[in-house]
Amino acid sequence: MPRTILDGGEDFNGNISRTRSHHQTDDHGYKVRFPPAKGLFTELAEGVKETFFPDDPLREYKDQPRSKKLWFGLVHLFPVLDWARSYTFGMFKGDFIAGLTIASLCIPQDIGYAQLAFLPAHVGLYSSFVPPLIYAAMGTSRDIAIGPAAVLSLLLGTLLQEEINPVKNPHEYSRLAFTATFFAGITQAMLGFFRLGFIIEFLSHAAIVGFMAGAAITIGLQQLKGFLGIAKFTKKSDIISVMESVWGNVHHGCNWQTILIGASFLAFLLTTKYIAKKNKKLFWVSAIAPLISVIISTFCVFITRADKQGVAIVKDIKQGINPPSFHLIYWTGPYLVKGFRIGVVAGMVGLTEAIAIGRTFAAMKDYQIDGNKEMLALGTMNIVGSMTSCYVGTGSMSRSAVNYMAGCKTAVSNVVMAIVVMLTLLLITPLFKYTPNAILASIIINAVVSLVDYEAAYLIWKVDKMDFMALLGAFFGVVFASVEYGLLIAVAISLGKILLQVTRPRTALLGNLPRTTIYTNVEQYPEASKVPGVMIVRVDSAIYFTNSNYVKERILRWLRDEEEQQQEQKLSKTEFLIVELSPVTDIDTGGIHALEELLKALEKRKIQLILANPGSAVIQKLQSAKFTKLIGDDKIFLSVGDAVKKFAPKSALNV
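Residues numbered from 1 in each chain as written. Predicted model: local features only at pLDDT ≥ 70, side-chain atom pairs only at ≥ 80, totals over all residues. Heavy atoms only, no water.

What to know about the packing of helix H22 (residues 548-569) against helix H23 (residues 589-604)
Then comes step 1: Between H22 and H23, the shortest axis-to-axis distance is 8 Å and the interhelical angle comes to 25°. Considered as vectors, H22 and H23 are oriented roughly parallel to each other. Considering how the two elements wind past one another, H22 and H23 form a crossing that is right-handed. Within the contact between the two elements, H22 uses Ser548, Lys552, Ile555, Leu556 and Leu559 and H23 uses Gly590, Gly591, Ala594, Glu597, Leu598, Ala601 and Leu602.
Then comes step 2: Grouping the constituent residues of the contact of H22 with H23 by class yields seven nonpolar, three polar and two charged. (Axes fitted to C-alpha atoms, helices over the stretch in contact; angles between N-to-C directions. Helix = DSSP H or I, 4+ residues; strand = E, 2+ residues; numbered from the N terminus. Parallel < 35°, antiparallel > 145°, perpendicular 65-115°, else oblique. Left-handed = near helix turned anticlockwise from the far one by under 90°. Contact = heavy atoms within 4.5 Å. Nonpolar A, V, L, I, M, F, W, Y, C, P; charged D, E, K, R; others polar.)

This is the structure we're talking about:
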């Protein structure tokens, strides 16, 4: 007896739509529905919007007066205008304490990181004065602490010294550093302005873990120069060159006073770090330990005049705040191109590090950061920084962690830190004259130890072996070649993994779980039974020209294996092939052509091809290519269960 049923399908958003339809026999339940056709420009517009504007940034501007739109525009560019209105004195107390704490940590670190980049010590301090002020006005992270970072300093120093010798030509070297910083800022700002932040996602988490660990080892080895008091040291960063340089200086002897200073204070710093790790409330012990180490070691060198006995010291640090450096940037000539190349690499690395740090702490405090605004903020601060004698700055993991644990509430902690650095530049830089290089080496080694995240590496090994290969590639590339090669290897392996997954998607044979209508992977669920005379295959990826031939060949291999098994066990021959398409999010002409070839191959075997649960994008393209007419509308079903019920009713009754 015919009765009215609901015809169902998917609308253009992928949702099941249910409408009253004509009278027909309820043989197989809901039917697949074709979504409304879209024009070329509509599809392009939706694709562009989803790629570049998934957050719909203009939604709050709709139906607003011009003055309101102007205010929203200013708030978008300067988020400080929004959160500053609800800022309280209680919040300032937290920010003030956090700012003082990270300032005590950043001052000795900045001097050491500047030496890591082969730049004067005062340039490191400059980079913690102007950039944090810019970021505080434009950034969206409440916890990130801005300034020089170990990995970025190493990267910049490695790339710059390949072009200019920092000892023979310090002025030109600084000019190239400012040029690279300018283009790093331009790169970051343009990525944010054009909303291209998804590009940095191509550097996988595993690759970043390996890259950071390799950079930490490299940075630590580089500090052997200051730690052992070696005068002549290699400019290369790979482990072989560094160890050859260390071994080559052994017969000359090392300065025992330098080793004593470095070893004793490194032990002190590691001890305080261990204490802070065991008791989170004592984080400040580890935070102020570097500054205490600098004060004590400087005083000891001064009263013993150990500098006259071969202990290398910082010497004079230029007093005063940042001078303008716009005129020092290379605007023409060969160094313009070199600065651009170095700046792009440094900008991408700095951006990746800052976004990762910002997201980490935002998740811990349950708030969101805007990736595109972060890029604009970081880019603007580096552009301004390049014109005020700063080198590339980013978020520092160690300082951000201290900032978080010190109870920061907003980016005002960066402002407090910047003011303390400014006062240091104006008043007390002469006091750092007798600071031994060994203590700076100890501070840097202590800072980079935490970059070796062995727990994350072990987890990656357990979860995904391909990810672990990316980690190893990045790690060994940095350690045995250079930071630049390590980064390239990390990106190459990450892209290679994506290409492998795209070109070789997973497929699975499905079976029915007893007493249910669920059809699932028989390898994952051995109790799932195959339907006699029916082979059910699921494709777990979009089908494009890059993988369409593989998908077709893989399905035919399943069939050949099935036929051999049927002959051996004298089972019923396969009459129907059901392809489950629910995981297939898209298909192109290459994929449709592969389905046509599959259909022809099946017809020769007298096997009928049936499609189950195609998504809206897939069914629309199949209809446009007239494949639905070729296969027949009666061979397309909303679910595997409906298809089995139609073509293998006896098996369906046993469910």
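Digging into helix H14 (residues 334-365)
Owing to its 3.6 residues per turn, the α-helix aligns residues three or four sequence positions apart on the same side.
Then comes step 1: Over its 32 residues, H14 runs 47 Å from end to end, which matches the ideal 46 Å to within 8%, given 1.5 Å per residue.
Then comes step 2: Within two residues after H14, Asp366 carries a phi angle of roughly 60°, on the positive side. (Expected span 1.5 Å × (residues − 1).)

A word on the UniProt feature "domain: STAS" (unreviewed entry) in the protein
Then comes step 1: UniProt records the feature "domain: STAS" (unreviewed entry) at residues 524-647, using the numbering of this structure.
Then comes step 2: The span residues 524-647 carries 48% helix and 15% strand; its end-to-end C-alpha distance comes to 25 Å. (UniProt positions renumbered as here; feature names shortened; annotations may be inferred.)

Remarks on the packing of aromatic side chains
Then comes step 1: Using the criterion set out here, one finds 16 aromatic pairs in the structure.
Then comes step 2: With a centroid separation of 5.2 Å and 80° between ring planes, the pair formed by Phe182 and Phe183 is classed as edge-to-face.
Then comes step 3: By relative accessible area, Phe182 is classed as buried at 11%.
Then comes step 4: What links up through ring pairs into an aromatic cluster is the set Phe182, Phe183, Phe326, Trp331 and Phe340.
Then comes step 5: Of note, Arg142 hangs over the ring of Tyr367, and the distance from its end group to the ring centre comes to 4.0 Å.
Then comes step 6: The ring of Trp461 has Lys465 sitting right over it, with the charged end atom 4.6 Å from the ring centre. (Phe/Tyr/Trp six-rings, centres within 6.5 Å; stacked < 30°, edge-to-face > 60°. Buried < 20%, exposed > 50% of the residue type's maximum accessible area, 1.4 Å probe, protein only. Lys NZ or Arg CZ within 6 Å of the ring centre and 35° of its normal.)

Describing unusual backbone geometry
Then comes step 1: Phi angles above zero are rare outside glycine, and Lys315 is one such case at about 70°.
Then comes step 2: Locating Lys315 in the fold gives a position in the loop between helix H13 (283-304) and H14.
Then comes step 3: Among the residues examined, Lys315 registers a relative accessible area of 53% and is labelled exposed.
Then comes step 4: For Lys606, which is not glycine, the phi torsion reads 60° and is therefore positive.
Then comes step 5: Within the secondary structure layout, Lys606 lies in the loop between H23 and strand E9 (608-612).

Section: a nonpolar patch on the surface
Then comes step 1: A contiguous nonpolar surface patch, about 620 Å² in accessible area, is contributed by Ile321, Ile419, Leu423, Leu426, Leu427, Ile428 and Leu431.
Then comes step 2: Relative to the helices and strands, Ile419 is located in helix H17 (residues 412-428). (Patch = residues over 30% accessible without salt bridge, like charges linked within 9 Å, V, L, I, M, F, W, Y side chains within 5 Å. Areas by Shrake-Rupley, 256 points an atom, 1.4 Å probe, with all protein chains shown as cover. Salt bridge = Lys/Arg side-chain N within 4 Å of Asp/Glu carboxyl O.)

Re the pattern of salt bridges
Then comes step 1: Taken as a whole, this structure holds 15 salt bridges when the rule is applied.
Then comes step 2: Bridged by salt links that share partners, the residues Glu163, Lys338, Arg341 and Glu484 form one connected network.

Concerning the sheet that holds strand E8 (residues 576-580)
Then comes step 1: The mixed open sheet is built from six strands, whose spatial order is E6-E5-E7-E8-E9-E10. The strands lining the two open edges of the sheet, one partner per strand, are strand E6 (519-521) and strand E10 (636-637).
Then comes step 2: Of the strands in this sheet, strand E5 (507-512), strand E7 (534-539) and E8 are in contact with H22, which crosses E7 at around 150°.
Then comes step 3: Set on the sheet, helix H26 (residues 640-647) makes contact with E6, E7, E8, E9 and E10; between it and E8 the angle comes to about 165°. (Pairing = 2+ DSSP bridges.)

Points about the environment of Lys530
Then comes step 1: With respect to the helices, strands and loops of the structure, Lys530 is situated in the loop between E6 and E7.
Then comes step 2: The class of Lys530 is partly exposed, set by a relative accessible area of 40%.
Then comes step 3: For the pair Lys530 and Gln161, spaced 369 residues apart in sequence, the C-alpha separation works out to 65 Å.
Then comes step 4: Setting aside its immediate chain neighbours within four residues, Lys530 contacts Leu509, Glu562 and Gln565.
Then comes step 5: Looking at Lys530, its side chain comes within polar contact range of the side chain of Glu562, at 3.3 Å. (Polar contact = N/O pair within 3.5 Å; in protein donor to acceptor, adjacent residues only side chain to side chain.)

Thoughts on helix H16 (residues 397-405)
Then comes step 1: Among the residues of H16, Arg399, Ser400, Val402 and Asn403 are the ones counted as buried. Relative to the axis of H16, the buried residues are bounded by an arc of 160° and lie together on one face.
Then comes step 2: Those residues of H16 that are buried are in contact with helix H4 (89-116), strand E3 (146-147), H13, H14 and H17.
Then comes step 3: Count one or two residues on from H16 and you reach Gly407, which has phi positive near 90°. (Arc of directions from axis to C-beta.)

Thoughts on the domain arrangement of the protein
Then comes step 1: The domains assigned to the protein are domain 1 (89-495) and domain 2 (505-647).
Then comes step 2: The gap between the C-alpha centroids of domain 1 and domain 2 is 54 Å. (Domains from an automatic or database assignment.)

Some thoughts on the side chain of Thr181
Then comes step 1: For Thr181, the position within the fold is in helix H8 (residues 170-193).
Then comes step 2: What makes Thr181 buried here is its relative accessible area of 1%.

Side note on the nonpolar core
In a soluble, globular protein the nonpolar side chains are often hidden away together inside.
Then comes step 1: The biggest cluster of nonpolar side chains holds 52 residues, and the ones touching the most others in it are Leu156, Phe211 and Ile219.
Then comes step 2: With nine residues, H8 is the single largest residue contributor to this core.
Then comes step 3: When sequence neighbours within four positions are dropped, the list of residues in contact with Ile219 reads Leu116, Ala150, Val151, Leu154, Ile444 and Val448.
Then comes step 4: Ranked by size, the runner-up nonpolar core spans 37 residues in total, among them Cys106, Ala306, Met417 and Leu425. (Core = buried A, V, L, I, M, F, W, Y, C linked by side-chain atoms within 4.5 Å.)

A few points about the pairing of E7
Then comes step 1: Counting buried positions along E7 yields six of six residues, so the element is predominantly enclosed.
Then comes step 2: Across the two faces of E7 the burial is the same, with Val534, Ile536 and Arg538 and Met535, Val537 and Val539 all buried.
Then comes step 3: With three bridges connecting them, E5 and E7 associate as antiparallel partners. Following the sheet pairing, Leu509 is matched in E7 by Val537.
Then comes step 4: With five bridges connecting them, E7 and E8 associate as parallel partners. Its bridge partner lying in E8, Met535 is registered against Leu577.
Then comes step 5: Regarding the hand of the β-α-β motif, the stretch spanning E7, H22 and E8 is right-handed. (Right-handed = clockwise from strand over helix to strand, strands pointing away.)

Focus: the environment of Ala542
Then comes step 1: Structurally, Ala542 is set in the loop between E7 and H22.
Then comes step 2: Under the relative-accessibility criterion, Ala542 is labelled buried at 10%.
Then comes step 3: Remark: the alpha-carbon pair of Ala542 and Ile587, spanning 45 residues in sequence, is separated by 5.9 Å.
Then comes step 4: Setting aside residues no more than four positions away along its own chain, Ala542 makes contact with Asn547, Val584, Thr585 and Asp586.

With respect to the pairing of E8
Then comes step 1: Of all the five residues making up E8, five are buried; the element is thus mostly covered by neighbouring parts of the structure.
Then comes step 2: Neither face of E8 is left uncovered, since the one carrying Phe576, Ile578 and Glu580 and the one carrying Leu577 and Val579 both have all their residues buried.
Then comes step 3: The pairing of E8 with E9 spans five bridges and is parallel. Its bridge partner being in E9, Leu577 is matched across the sheet by Leu609.

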